[in-house]
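Survey of secondary and tertiary structure
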Amino acid sequence: MGNDHIVRSYDEELNRLTGLLARMGGLVEAELAGAIEAVSSRDAELATRTVRSDARVDDLEREIGEQVVRVMALRQPVASDLRLVLGSLRIAGDLERSADYAKNVAKRAVALAQLPVLRPVHAIPRMGTVVREMLKDVLDAFAARDVAKAVAVWNRDEELDEMHGSLFRELVTYMMEDPRNITGSTHLLFIAKNIERIGDHATNIAETIHYLVKGVPLAGERPKGDGTSFSTVGAEGAQ
Amino acid sequence: MDTTIIETQMPSMLGAAQDAGIPVKIEARGVNVHYGAKHALKSVDIDIRANQVTAFIGPSGCGKSTFLRCLNRMNDTIESCRVAGSLRIDGDDIYDPTLDVVQLRARVGMVFQKPNPFPKSIYDNVAYGPRIHGLFNSKADLDAVVEKALRGAALWDEVKDRLGESGTGLSGGQQQRLCIARAIAVGPEVILMDEPCSALDPIATAHVETLIDELRANFTIVIVTHSMQQAARVSQRTAFFHLGTLVEEDDTATIFTNPRDERTQGYITGRYG
Ligand SMILES: Nc1ncnc2c1ncn2[C@@H]1O[C@H](COP(=O)(O)OP(=O)(O)OP(=O)(O)O)[C@@H](O)[C@H]1O
Ligand SMILES: [Mg+2]
């Protein structure tokens, strides 16, 4: 049994859908890379360009939505095709949210570039590297329908959460040391949070890949290496 | 940190046929059918559950109609046809040589692909079965049986003022509902339908599908269809046949979201060569 549909135009429509997703993924990767680079190199001009590039991602999400509606209406996909079409829609949604977070990072890079350099900023490119690898791997996993690779991304979210948690504690301490650090540190807090959220979307995509390939959800406790929601920094942290 | 991954089975989208608790109406075990040397059905095992719509799907020539015809012994009329194995309705052996086949067909009625009303009045078409089986005591009684069947087939309002007109003068969709009325007039337990909508337009099809859904409150229904969408819309269980074998039978929602067998997947997604 071949993998192609008897009706060739059906395959063409599904290929168009996955093609649009690949393009969208590439744009989001570039937007994320630009945003991280703008933070670490204090490049306001790059940051501004990155913010502007987000509109293209939104356009692609809309295009993917339209293609999904079209395939649903004309082909009434079932089984693996249905899972692919619905999965694509969900992945497009996760990519669009990821791009929004990247855009937010880029906006804050503009503000940070006007402020004195903050010591904890060194953690941002490290987090950025992890999240960029997660995004790249999960997009590769989708292109190859590689469940093992998707699960590896899913498991890696813990590492990112831990990095976020430790940067959070470092920043709180840093702000306590000197209130003049507060403005910049707040930007860094949000940047770190945005990156951490992109990691969550990458794990969502990993779950979608698992479902669309295997037909069953990836269940179980998602690794959580982050305790920032409950973190407190004691007075001793301020010494 | 526990990062174990557990794969859970998706709950059925319709929450419909959970095997447990739904009584079996027809049980088939090791059913083999030959037409001369041609082995048309190979060791078919299936439980058809009461008050459910079970759809038979599969490529042309896979044996759907053959199996359907086993359920009320319509194959008896085919000279070369040999049926082996066990087929039971409520525990009664369908192929028991002492069984009255006319009685069996009253219990297991059939609706065919092409609407085939007799060239008689609408009334007489529906009254035909009850007359043969003597299922009434008076003219008023028969009138009531005819009205009930026509109402059951969602046709009454359209024909109540012209019961004396010929059944062949109705539209295709009305004719098919007339045939359903004729089938249910004798009070069957099971209704077999072999591609009942293939000659109907989408509106007439929608009427018949609505009717099928209503009928399952009182009857067990088995429908053969070439339309995947129709199987998905009307049935609770779907059985996929391929080259004379029953490949898989499951909740309709499971078949159409995550079938177990590659062949089922290939067929329903239109990849089958
Ligand atoms: N009366 C017959 N004599 C000889 N062979 C028959 C007879 N009826 C059916 N067959 C053969 O048995 C096999 C199953 O036929 P059947 O009619 O059950 O298929 P089907 O699944 O209903 O196909 P379709 O979707 O085309 O109606 C086919 O190979 C067919 O050629
Ligand atoms: Mg047939």
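Just above, that's the structure.
No experiment lies behind these values; they were computed from the predicted model shown.

Broken down by element type, chain A carries six helices and one strand. For chain A, the α and β elements follow one another from N to C terminus as α-α-α-α-α-α-β. In terms of its C-alpha atoms, chain A occupies a principal-axis envelope of roughly 70 × 40 × 20 Å. Expressed as a percentage of the 239 residues in chain A, the buried residues total 49%. Relative to all contacts within chain A whose residues are 6 or more apart in sequence, the contacts with residues 24 or more apart total 83%. Taken as a whole, chain A presents about 10700 Å² of accessible surface, with 53% of it coming from carbon and sulfur.

A few words on the packing of helix α4 (residues 139–152) of chain B against helix α6 (residues 172–184) of chain B. All names here are of chain B. Packing of α4 against α6 brings their axes to within 8 Å, and their N-to-C directions diverge by 130 degrees. If you check the angle between α4 and α6, you find them oblique. Crossing handedness for the pair α4 and α6: right-handed. Mapping the contact onto sequence places Ala149, Leu150 and Gly152 in α4 and Leu178, Ala181 and Ile184 in α6. Residues that form the contact of α4 with α6 fall into these classes: five nonpolar, one polar and no charged.

A separate point is the site of ligand 1. Residue and element names in this part refer to chain B. Residues in close proximity to ligand 1 total 14 residues, the closest being Ser60, Lys64, Ser65, Thr66 and His226. Within the backbone of Gly61, one N or O atom sits 2.8 Å away from an oxygen atom of ligand 1. One nitrogen or oxygen atom from the main chain of Gly63 is found 3.0 Å from an oxygen atom belonging to ligand 1. Within the complex, 66% of the 630 Å² of free accessible area of ligand 1 lies under protein. When residues in the shell around ligand 1 are grouped by element, the largest group, four residues, is from helix α1 (residues 64–70). Of the residues contributing to the shell around ligand 1, the split by class is four nonpolar, six polar and four charged.

All right, on to the side chain of Glu31(A) then. Residues and elements named next belong to chain A. On the secondary structure map, Glu31 appears in helix α1 (residues 8–40). Lys103 is the oppositely charged side chain nearest to the buried, salt-bridge-free Glu31, at an N-O distance of 6.9 Å. Beyond its immediate sequence surroundings of up to four residues, Glu31 is in contact with Thr50, Ser53, Asp54, Val57, Ala99, Ala102 and Lys103.

Let us now look at the packing of aromatic side chains. Per the counting criterion, the structure on display carries five aromatic pairs over all chains. Considering the side-chain rings of Phe118(B) and Tyr128(B), the 4.7 Å spacing of their centres and the 55 degrees angle between planes classify their relative orientation as tilted. In this pair, Phe118(B) is assigned in the loop between β7 (108–111) and α3 (122–133) and Tyr128(B) in helix α3, connecting sequence segments ten residues apart. Phe118(B) gets classed as partly exposed once you look at its relative accessible area, which sits at 24%. Residue class for Tyr128(B) comes out partly exposed when judged on its relative accessible area of 36%. Among the aromatic residues, ring-to-ring pairing joins Phe56(B), Phe67(B) and Phe241(B) into one connected group. Directly above the ring of Phe142(A) sits Arg145(A), whose terminal nitrogen or CZ lies 4.8 Å from the centroid.

Residues and elements named next belong to chain A. Look at helix α4 (residues 123–144) against helix α5 (residues 147–177): their axes get within 10 Å of each other, and the N-to-C directions meet at 165 degrees. Here α4 is positioned roughly antiparallel relative to α5, judged by the angle of their axes. As for how α4 packs across α5, the hand of that crossing is left-handed. In this structure, α4 contributes Ala123, Ile124, Arg126, Met127, Val130, Val131, Glu133, Met134, Asp137, Val138, Asp140 and Ala141 to the contact, and α5 contributes Lys149, Ala150, Val153, Arg156, Asp157, Glu159, Leu160, Met163, His164 and Leu167. By residue class, the composition of the contact of α4 with α5 is 13 nonpolar, one polar and eight charged.

Our next topic: the sheet that holds strand β2 (residues 24–35) of chain B. Residue and element names in this part refer to chain B. Pairing in this open sheet of four strands is antiparallel, and the strands run β3-β2-β5-β6 from one edge to the other. Each edge of the open sheet is held by one strand with a lone partner, namely β3 (38–49) and β6 (92–93). As defined by bridge partners, strand β5 (residues 81–89) adjoins β6 across two bridges and the pair is classed as antiparallel. When the sheet's bridge partners are listed, Ile89 is paired in β6 with Asp92.

As enumerated under the stated definition, the model contains 38 salt bridges over all chains in all. One salt bridge connects Lys193(A) with Glu196(A), and the closest N-O pair in it is separated by 3.0 Å. Of the two residues, Lys193(A) and Glu196(A) both sit in helix α6 (residues 182–214), three residues apart, roughly one turn of that helix. According to the relative accessible area criterion, Lys193(A) is partly exposed, its value standing at 33%. Judged by relative accessible area, which is 1%, Glu196(A) ranks as buried. Close ionic contact of Glu158(B) with Arg177(B) constitutes a salt bridge, the shortest N to O distance being 2.9 Å.

Next up on the list: unusual backbone geometry. All names here are of chain B. Phi angles above zero are rare outside glycine, and Ser43 is one such case at about 45 degrees. Tracing the backbone through its elements, the reader meets Ser43 in strand β3. At Ala154, a position not held by glycine, the phi torsion is positive, near 55 degrees. Looking at where Ala154 falls in the secondary structure, it is placed in the loop between α4 and α5 (156–159).

Bringing the pairing of strand β9 (residues 220–224) of chain B into the picture now. Residue and element names in this part refer to chain B. Counted residue by residue, β9 has five buried out of five residues, so it is predominantly covered. Sheet topology note: the strand β4 (residues 53–57)/β9 ladder contains four bridges and is parallel. When the sheet's bridge partners are listed, Val53 is paired in β9 with Ile221. Assessed by its sense of winding, the connection that carries the chain from strand β8 (residues 190–194) through helix α7 (residues 202–215) to β9 is right-handed.

Rules used in this analysis
- Residues numbered from 1 in each chain as written.
- Chains lettered and ligands numbered in written order.
- Predicted model: local features only at pLDDT ≥ 70, side-chain atom pairs only at ≥ 80, totals over all residues.
- Heavy atoms only, no water.
- Helix = DSSP H or I, 4+ residues; strand = E, 2+ residues; numbered from the N terminus.
- Buried < 20%, exposed > 50% of the residue type's maximum accessible area, 1.4 Å probe, protein only.
- Contact = heavy atoms within 4.5 Å.
- Areas by Shrake-Rupley, 256 points an atom, 1.4 Å probe, with all protein chains shown as cover.
- Axes fitted to C-alpha atoms, helices over the stretch in contact; angles between N-to-C directions.
- Parallel < 35°, antiparallel > 145°, perpendicular 65-115°, else oblique.
- Left-handed = near helix turned anticlockwise from the far one by under 90°.
- Nonpolar A, V, L, I, M, F, W, Y, C, P; charged D, E, K, R; others polar.
- Near = heavy atom within 4 Å.
- Polar contact = N/O pair within 3.5 Å; in protein donor to acceptor, adjacent residues only side chain to side chain.
- Lys, Arg positive; Asp, Glu negative; His and termini not counted.
- Salt bridge = Lys/Arg side-chain N within 4 Å of Asp/Glu carboxyl O.
- Phe/Tyr/Trp six-rings, centres within 6.5 Å; stacked < 30°, edge-to-face > 60°.
- Lys NZ or Arg CZ within 6 Å of the ring centre and 35° of its normal.
- Pairing = 2+ DSSP bridges.
- Right-handed = clockwise from strand over helix to strand, strands pointing away.

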